[in-house]
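Chain by chain, the residues:
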Amino acid sequence: MPTTWMDTLMRQSRRVGSFPYPHQAAFLLDNPVRRLLANPGRLADALELTGTETVLELGPGPGFFSIEVAGRLPSGRLELFDIQPEMLDKARRKLDRFGHRNVGFHSGDAGAGLPFPDDTFDVAFSVSVIGEVPDKAGCLRSLARVVKPGGSLVFLESFPDPDRLSAPELRELAEPAGFSFRDSAGTIWQDIVRFDRFGG
């Protein structure tokens, strides 16, 4: 029986851990319903920004959370890193429309390393991405290298992401890499899990 392109995208997006969320389906990540369930302001609050930080967003997709975070960095900078250049293009257009110029765009495989000097970031965060990274341990080691001692790493994991990781699973990844667990808050729908980089 033939399927529509929407059926194909939805089926592909539900496969667990085999590849990143397809950029062709980015519109499903950026809609009013998701805004109700995953308020970007709540995640930005958890980052505890003062406005001067250098922040890394790992896997921004089309920029759903990037707009809120960039707006809270009047004297800081946000760097976006995504495996798909097409997603970065979507995020760039959105950030440009909102007048945010304090943003950098970088593409690559997070498990293979991040293209930033050691101790660059005050804060790093990721939303429903780490479960899709094939080399999760390598990704966490890279994050530990680029986050400053005393800096923070924040994950938001939410339903219905099929690759969603629990707080204990995130601890198993982050703690051996050099992060200490700070706290976890959430509901059956989503968790925000925060870590601190050793050495602060």
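Please refer to the structure higher up on the page.
Everything in this summary refers to the structure shown in the same document.

1. Re the overall build of the chain
Here's step 1: Helix and strand counts for the chain stand at 7 helices and 7 strands.
Here's step 2: When its helices and strands are written in sequence order, the chain yields α-α-α-β-α-β-α-β-β-α-β-α-β-β.
Here's step 3: Sequence-distant contacts in the chain: of pairs separated by 6 or more residues, those separated by 24 or more amount to 70%.

2. Remarks on a nonpolar patch on the surface
Here's step 1: On the surface, F159, I188 and W189 cluster together into a nonpolar patch covering about 380 Å² of accessible area.
Here's step 2: Along the chain, the position of F159 falls in the loop between β5 (147–158) and α7 (167–177).

3. Section: the pattern of salt bridges
Here's step 1: Considering all chains together, one arrives at 12 salt bridges under this definition.
Here's step 2: With a shortest N-O distance of 3.4 Å, E48 and R182 are connected by a salt bridge. Here R182 lies in strand β6 (residues 179–186) and E48 lies in the loop between α3 (40–47) and β1 (54–58), a separation of 134 residues in the sequence.
Here's step 3: Of the residues examined, R182 reaches a relative accessible area of 29% and is grouped as partly exposed.
Here's step 4: With a closest N to O distance of 2.9 Å, R72 and E68 form a salt bridge.
Here's step 5: Of the residues examined, E68 reaches a relative accessible area of 28% and is grouped as partly exposed.

4. With respect to unusual backbone geometry
Here's step 1: Phi is positive for E48, which is not a glycine, with a value near 55 degrees.
Here's step 2: For S128, which is not glycine, the phi dihedral falls at a positive 50 degrees.
Here's step 3: Looking at where S128 falls in the secondary structure, it is placed in the loop between β4 (121–127) and α6 (136–146).

5. Here's the deal with the environment of T187
Here's step 1: With respect to the helices, strands and loops of the structure, T187 is situated in the loop between β6 and β7 (190–197).
Here's step 2: Classification of T187 as partly exposed rests on a relative accessible area of 44%.
Here's step 3: As a C-alpha pair, T187 and S158 span 29 residues in sequence and 9.1 Å in three-dimensional space.
Here's step 4: At a separation of 3.0 Å, a polar atom in the side chain of T187 contacts the main-chain amide nitrogen of W189.

6. Here we look at the environment of R164
Here's step 1: The residue R164 is located in the loop between β5 and α7 in this model.
Here's step 2: Using a relative accessible area of 23% as the deciding quantity, one classes R164 as partly exposed.
Here's step 3: Discounting residues that sit within four places of it in the chain, R164 has contacts with E157, S158, F159, E169, T187, I188, W189, Q190 and D191.
Here's step 4: Polar side-chain contacts of R164 include one of 3.5 Å to the backbone oxygen of W189.
Here's step 5: Of the polar contacts made by the side chain of R164, one reaches the side chain of D191; its length is 2.9 Å.

7. Concerning the pairing of strand β3 (residues 103–107)
Here's step 1: Summarising the sheet, strand β2 (residues 77–82) and β3 pair through 5 bridges and their orientation is parallel. Bridging across to β3, L80 finds its partner in F105.
Here's step 2: Crossover handedness for the path β2 to helix α5 (residues 85–97) to β3: right-handed.

8. A short note on the nonpolar core
Here's step 1: If you look at the biggest cluster of nonpolar residues, it comprises 28 residues, and the most contacted ones within it are L56, L114, I130, L140, L143 and F179.
Here's step 2: Broken down by secondary-structure element, the contributors of at least two residues to this core are β1, β4, α6, β5, α7 and β7.
Here's step 3: Setting aside its immediate chain neighbours within four residues, F179 contacts L140, L143, A144, V147, L153, A174, F195, D196, R197 and F198.
Here's step 4: Listed in part, the 24 residues of the second largest apolar core include L80, A91, L95 and V127.

9. A closer look at the sheet that holds β4
Here's step 1: Taken together, 7 strands build an open sheet; the order of strands is β3-β2-β1-β4-β5-β7-β6 and the sheet is mixed. Strand pairing shows two members of the sheet lacking a second neighbour, β3 and β6, which therefore form its edges. Across the sheet, the mean angle from the axis of one strand to that of its neighbour is 20 degrees, orientation sign disregarded.
Here's step 2: Of the strand pairs in this sheet, β5 and β7 are connected by 7 bridges, and their pairing is antiparallel. When the bridges of β7 are listed, S158 appears paired with Q190.
Here's step 3: Packing of α7 onto the sheet brings it into contact with β5, β6 and β7, and relative to β6 it is tilted by some 160 degrees.

Rules behind the numbers
- For every chain, the first residue of the written sequence is number 1, and numbering continues from 1 onward in sequence order.
- Only residues with pLDDT of 70 or above have their local features reported here, since the model is predicted, and side-chain atom pairs are shown and tallied only from 80 upward, although totals for entire chains, interfaces and linings are computed over all residues.
- Side-chain descriptors were evaluated using all non-hydrogen atoms of the structure, hydrogens and water having been removed beforehand.
- Per the convention used, a helix needs a DSSP run of H or I reaching at least four residues, while a strand needs a run of E reaching at least two, with both numbered from the N terminus.
- Contacts between residues were defined by any pair of non-hydrogen atoms, one from each residue, lying within 4.5 Å.
- For patch building, the residue pool is restricted to those with more than 30% relative accessible area and no salt bridge; the joining distance is 9 Å between like charges and 5 Å between nonpolar side chains (Val, Leu, Ile, Met, Phe, Trp, Tyr).
- Note on areas: Shrake-Rupley with a 1.4 Å probe; residue coverage comes only from the protein chains shown.
- In what follows, salt bridge is the name for a side-chain nitrogen of Lys or Arg lying within 4 Å of a carboxyl oxygen of Asp or Glu.
- Only protein chains enter the accessibility calculation, which uses a 1.4 Å probe; a residue whose area is less than 20% of its type maximum is buried, one above 50% is exposed, and one in between is partly exposed.
- Here a polar contact is taken to be a pair of N or O atoms separated by no more than 3.5 Å, where protein atoms must pair a possible hydrogen donor with a possible acceptor and residues adjacent in sequence count only if both atoms sit in side chains.
- When DSSP locates at least two bridges between a pair of strands, those strands are taken to pair.
- A clockwise path from the first strand over the helix to the second, with the strands pointing away from the viewer, defines a right-handed crossover.
- Joining through side-chain atoms within 4.5 Å is the link that ties buried Ala, Val, Leu, Ile, Met, Phe, Trp, Tyr and Cys residues into a set, and such a set is a nonpolar core.
- Every angle, taken between N-to-C directions, lies between 0 and 180 degrees, and every axis is a line fitted to C-alpha atoms, over only the stretch in contact when it is a helix.

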